[in-house]
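Reading the structure
Each chain, letter by letter, is given below.
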Amino acid sequence: MECKTVSMTLDDLMTETDRRANQKLKEIHYFDTRNHAHGLKPSDDRENKVLSNELENRKQEVTNLKEEFLDLTNRIEELKGKKEALSKTFDERETRLDSLEEAVEQNKINQEKEKKEFNENHAKNMKKSDVVFEREIDEADRNFKKEITEIYQKNKRVNQKITTPTKENLDINYCQAYIGRVCLILQAIMYHIVLPDQFAEDYPYKVKDIEEDINDEDLLDDQERQEALKRWADLKENLRWEPSIEKTLKMLQKEGNYMANPEGLTVEEAERVAEELNKQGRLRGRTSYEKVKKIIKMWKISYTLAQSLP
């Protein structure tokens, strides 16, 4: 659009310049012809002078017009150069635009192609991944079942080892559980001796239960309470009871709840596991070896006393 406007302007300028130059030449020719036709003489100074001045003015105008024409010609050439440059730039931009449009279209085609290839490859990879994943899941499931079986068998062997000790090798857990069970049974026998009518099988009695139940008005009347207090005093005397023993029983009995097959406990086995715990440095302070031996002795005495109960 810009190139077309420049072209129209140049044509208009050239036409106007030619028209004005021709007009001035005609006027000059007219004055020359008129002077000759009238046969003007030197005596006609005034009119001749006017005509001469006018002629000079016209000549000057012609000169000016020629200079203006020359300037316009140069300007036209300059504008033509700019027009050619603009046309070249316009053509280059048109070419560049066409190239860009082709590149965009080609890029779109390439993207569609890549997208299609990606989707196809992704579908294939997902299918392969599913197969691999299922295979890994199956393998993991088999390994898990195998590990569970191995753990079960191992635990079974460990439990057998704990519940069936040998003289050659006593397990520390077994020893602690054995002494803990002795402590629980001792307190149950003591409760049975002091409060035989209130005793219930398989209840984990503690020493504090004896004293609390003796003072419980809902369980005993005054006479029963006095009789229970006497039995409690006699039992403590027979066992050579010490208040600190209650704390020792509480500390040792924790492991007794994990003792499998508690039937068949013997004094000999209790003494043997106590000795083993002492060798391994497990008995100290409130749970010293001497206190454990005293508890075993109390268990033996209380068991004998309980045999006389109806």
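The shown structure was predicted, so the numbers you read here are calculated from the model rather than taken from an experiment. The residue numbers shown here count from 1 along each chain, following its written sequence. Where totals are concerned, whole chains, interfaces and linings use all residues; where local detail is concerned, this predicted model gives features only for residues with pLDDT of at least 70, and gives and counts side-chain atom pairs only at 80 or more. The side-chain values count all of the structure's non-hydrogen atoms but skip hydrogen atoms and water molecules.

The next subject is the overall build of the chain. Numbering goes from the N terminus for both helices and strands, where a helix is a DSSP run of H or I of at least four residues and a strand is a run of E of at least two. Looking only at helices and strands, one finds eight helices and zero strands in the chain. Reading the chain from its N end, one meets helices and strands in the order α-α-α-α-α-α-α-α. Only protein chains enter the accessibility calculation, which uses a 1.4 Å probe. A residue is then buried if its area is under 20% of the maximum for its type, exposed if over 50%, and partly exposed in between. Across the 310 residues in the chain, those meeting the buried criterion constitute 24%. Residue contacts are defined here by distance: any two heavy atoms, one from each residue, within 4.5 Å place the two residues in contact. Look at the contacts in the chain between residues 6 or more apart in sequence, and 72% of them connect residues 24 or more apart. Total accessible area computed for the chain in this model is approximately 22,900 Å², and 50% of it derives from carbon and sulfur atoms. Per-residue and other accessible areas were derived by the Shrake-Rupley procedure at a 1.4 Å probe size, with only the shown protein chains allowed to occlude residues.

Each pair of aromatic rings taken from Phe, Tyr and Trp, with Trp reduced to its six-membered ring, is defined by centres within 6.5 Å and is described as stacked if the planes are under 30 degrees apart, edge-to-face if over 60, and tilted in the remaining cases. Scanning all chains against the criterion turns up five aromatic pairs. Plain terms: the ring middles of Phe 199 and Tyr 205 are 5.5 Å apart, the flat faces sit at 25 degrees to each other, and that makes the pair stacked. In this structure Phe 199 comes out as partly exposed when scored by relative accessible area, which is 22%. Assessed through its relative accessible area of 5%, Tyr 205 is described here as buried. Pairing Tyr 203 with Tyr 205 gives two aromatic rings, centres 4.6 Å apart and planes at 55 degrees, and the pair type is tilted. On the basis of relative accessibility, which here comes to 46%, the residue Tyr 203 falls in the partly exposed class. These aromatic residues form a ring-pair network of at least three members: Tyr 191, Phe 199, Tyr 203 and Tyr 205.

Among the residues of helix H4 (residues 207-214), those classed as buried are Val 207, Asp 209, Ile 210, Asp 213 and Ile 214. For H4, the angular spread of the buried residues around the axis is 165 degrees, confining them to a single face. The secondary structure elements touched by the buried residues of H4 are helix H3 (172-194), helix H5 (222-239) and helix H6 (243-252). Throughout, the arc means that of the directions going from the helix axis to the C-beta atoms.

When you line up the elements, Ala 200 lands in the loop between H3 and H4. Through-space distance from the C-alpha of Ala 200 to that of Ala 188 is 9.1 Å; in sequence the pair is twelve residues apart.

For the rest of this paragraph, the subject is the packing of H3 against helix H8 (residues 289-306). Interaxial distance between H3 and H8 falls to 9 Å at its minimum, and their mutual angle equals 40 degrees. By the angle between their directions, the pair H3 and H8 is classed as oblique. Crossing of H3 over H8 shows left-handed handedness. Contacts between H3 and H8 pair Ile 179, Val 182, Cys 183, Ile 185, Leu 186, Ile 189 and Ile 193 from the former with Val 292, Ile 295, Ile 296, Met 298, Trp 299, Ser 302, Tyr 303, Leu 305 and Ala 306 from the latter. Angles here are taken between N-to-C directions and fall from 0 to 180 degrees, while the axes themselves are lines fitted to C-alpha atoms, restricted in helices to the stretch in contact. Roughly parallel here means an angle under 35 degrees, roughly antiparallel means over 145, roughly perpendicular means 65 to 115, and every remaining angle is called oblique. It is the rotation of the near helix from the far one that decides the hand of a crossing: anticlockwise by less than a right angle makes it left-handed, clockwise makes it right-handed.

The next thing to look at is the packing of H3 against H5. Direction vectors running N to C along H3 and H5 enclose 140 degrees, while the axes themselves pass 8 Å from each other. The orientation of H3 with respect to H5, classified from their angle, is oblique. Taken together, the residues of H5 that come into contact with H3 (itself represented by Met 190, Ile 193 and Val 194) are Ala 228, Arg 231, Trp 232, Leu 235 and Leu 239. Residue polarity is assigned by list, with Asp, Glu, Lys and Arg as charged and Ala, Val, Leu, Ile, Met, Phe, Trp, Tyr, Cys and Pro as nonpolar; anything else, Gly included, falls into the polar class. Along the lines of polarity and charge, the residues of the contact of H3 with H5 split into seven nonpolar, no polar and one charged.

Summarising the model, the chain shows a mean pLDDT of 80, and 75% of its residues fall at 70 or more. Confidence of the prediction at every residue is given by pLDDT, a number between 0 and 100. When mean pLDDT is compared element by element in the chain, H5 scores highest at 95, while helix H1 (residues 2-38) scores lowest at 60. Below a pLDDT of 50 lies the segment residues 2-8, which in the model reaches seven contacts outside its immediate sequence neighbourhood of four places, other chains included. This stretch, residues 161-168, has a pLDDT under 50; its non-local contacts, to residues over four places away or in other chains, come to twelve contacts.

It is the rolling of a water-molecule-sized probe over the atoms that shows where space remains empty. Volume-wise, the largest pocket comes out at about 660 Å³. Only protein atoms enter the 1 Å grid, on which a cavity is a set of points fitting a 1.4 Å probe that cannot get out and a pocket is an open set with protein on both sides within 12 Å along at least 5 of 7 lines, lining residues being those with an atom within 4 Å of a point. Along the walls of the largest pocket sit 23 residues, with Ile 185, Ala 188, Ile 189, Phe 199 and Glu 201 positioned nearest its centre. Looking at the lining of the largest pocket, the elements with two or more residues in it are H3 and H8. A total of six residues in the lining of the largest pocket trace back to one element, the largest contributor, which is H3. Grid points are joined across faces, edges and corners, and a volume is the space filled by probe spheres set on the points.

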